[in-house]
Amino acid sequence: MKVGQKQRFKGRKGERFLKRSSVLSMTLATTLIFGGVFSYTGKAQASSKLNDLQEKQSDLHNKRSILNQSIDEKDGEISNIMNQQNFVEDEIEKLERQIADTDQKIKEKQLQIDNTKAEIETLKAEIKDLKERIEKRNEVLRDRARNIQQNGGSVQYLDVFLGAESFGDLVDRVSAVTTLVSADKKILDEQKADMEKLEADQKKVEEKLESLNNMLKDLEDLQNSLKAQNEEKKELMKELAAQKSHIESEKMSLEEEEELLRTQEATLEKAIQQEQNRIAEEERKAKEEAERKAKEAAAVTNSPSTSNSKSSGSGGSTETSSATPPVSSGTFSWPAVGTVSSGFGGRWGATHFGIDIANRTAVPIVAAADGVVHRSYHSSSYGNVVFVIHHIDGQTYETVYAHMSSRSVSEGQSVKKGQKLGVMGNTGHSFGQHLHFEVHVGLWNGAKSNAVDPLGYLN
Ligand SMILES: [Zn+2]
């Protein structure tokens, strides 16, 4: 989308350059043809002014091509950031998949650990049970052993022997004791073997639990590192978004500047036209005057000289609720009635390229001199703003009227000194109702290198 727009814009610019240069050569040709008819001084004056304007135009071309380059650079930076954003987004997606995967593994491990713990508990219970049985069996065995010992081996034997009712009974009794003892012993041995096996099993399961716990710890470490990485990436995403919006606003102001320079050319073309018309009119008047004088000299008649009366402009305010400043005879009249609330120059560590004229009532803003409206638009910084290009006594000026609540002129419109441009307001980057007024000797530029203190020009 953006690339398309840019290409379209470049195409339009190319067209404009073609159209512009043909208009310029036409106007040049016109001047040369008509120049021959007029007096030598008039021609020289006209062409020097035109040279001046031509120079300004080529200067504008250069500035605009530099600006367009900067805009292209910003576009490059923006698409670079967008690539980075896509890349980081992919990485975040990957990390989040890994985190979910690790979560699953941790859950599985925990389940295994729980199962193993339960297994250990079962084994422990079995061992305990078996130990108790062994203990009981031991008791029985000890009792028997005690009996035999108390009576002494032989006594016991005698006991058994004497106690026997018959030889068969004796044999039975002897073997019974032996059988009992050996049976007990056998069971005991078996139980001991069982217990050893259980203990070995328990050891094995405990080892398994330890290894599971180790694996769980590894997984948890991995999870922590993945989450930390994810946080980092998200932080990076935030940073990239901030960078992108910063560059976009830079690009926007460059585009605004480019648009201003682009329209400056069109307004300058109009200024050339006006200047030519004015010169032609002067030449015509001078010629008429010369012819009249020649006639007068020939006729030697005395006629009263006509006073060259000039309209003094709108002296009386047409605004009932608000006043307009008087139209002066100097280079520039005051653009609004009010008090200077901020002067030209350093302010808050930055340069203030104009003056602020404040008024509590919304007074009209008027053109400081005759000129052509170069720009009349809404800017995010200037608010409702009007730029006027003037050509006074061979010098180009550009005046700026910012933060207006409304504008009443359109671009390309010719305005007279004292003509209303709009109403004082508080739009754009402004804190309180005021007019921000700039005077540029030459044309406005982004660096505002032509800005001068308006107080030196207002009267
Ligand atoms: Zn200001």
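Residues numbered from 1 in each chain as written. Predicted model: local features only at pLDDT ≥ 70, side-chain atom pairs only at ≥ 80, totals over all residues. Heavy atoms only, no water.

Peer 1: Help me understand the coordination of the zinc ion in this model?
Peer 2: Metal coordination angles have textbook ideals: 109.5 degrees for a tetrahedral set of four donors and 90 or 180 degrees for an octahedral set of six. Protein coordination at the zinc ion comes from His352 (NE2), Asp356 (OD) and His436 (ND1), with a distance range of 1.9 to 2.2 Å. Sequence positions of the donors to the zinc ion reduce to the motif H-x3-D-x79-H. Pair noted here: His352 is in strand E3 (residues 350-352) and His436 is in strand E12 (residues 434-441), with a separation of 84 residues, a long-range link. Given the relative accessible area of 4%, His352 is considered buried. (Donors = N, O, S within 2.8 Å, 3.2 Å for Na, K, Ca; no water. Helix = DSSP H or I, 4+ residues; strand = E, 2+ residues; numbered from the N terminus. Buried < 20%, exposed > 50% of the residue type's maximum accessible area, 1.4 Å probe, protein only.)

Peer 1: What is the right way to look at unusual backbone geometry in this model?
Peer 2: Both trends apply: most residues other than glycine have a negative phi, and most peptide bonds are in trans. Look at His403: it is not a glycine, yet its phi comes out positive at around 65°. Not every positive phi belongs to a glycine, and Lys448 is a case in point at roughly 55°. Within the secondary structure layout, Lys448 lies in the loop between E12 and strand E13 (451-452).

Peer 1: Can you walk me through the pattern of salt bridges in this structure?
Peer 2: Any two side chains of opposite charge can pair, given that their charged atoms come close. This model, assessed by the stated rule, comprises 24 salt bridges. Salt-bridge contacts for Lys208 lead to Glu119; the nearest nitrogen and oxygen are separated by 3.9 Å. Taken together, the residues span a long stretch of sequence, with Lys208 in helix H4 (residues 167-299) and Glu119 in helix H2 (residues 40-151) at a distance of 89 residues. Here Lys208 falls in the partly exposed class, since its relative accessible area comes to 41%. Ionic pairing is found between Glu296 and Arg292, a salt bridge with its closest N-O pair at 2.3 Å. Of this pair, Glu296 and Arg292 both sit in helix H4, four residues apart, which is roughly one turn of the helix. Residue classification places Arg292 among the partly exposed positions, given a relative accessible area of 39%. A single salt-bridge network, built from bridges that share partners, covers Asp75, Lys251 and Glu255. (Salt bridge = Lys/Arg side-chain N within 4 Å of Asp/Glu carboxyl O.)

Peer 1: It is not clear to me how the sheet that holds strand E9 (residues 406-407) should be interpreted in this structure. Could you clarify?
Peer 2: Strand order in the open sheet made by the three strands is E5-E11-E9, with antiparallel pairing throughout. Looking at the sheet topology across the chains shown, the edges are occupied by strand E5 (364-366) and E9. (Pairing = 2+ DSSP bridges.)

Peer 1: What should I look at first to understand the environment of Leu188 in this one?
Peer 2: In this fold, Leu188 is placed in helix H4. Here the alpha-carbon distance between Leu188 and Glu135, two residues 53 residues apart in the chain, equals 9.3 Å. Look past the residues within four positions of Leu188 in its chain and what remains in contact with it is Ile134, Arg137, Asn138 and Leu141. (Contact = heavy atoms within 4.5 Å.)

Note that all results are geometric; they support no functional claim without further evidence.
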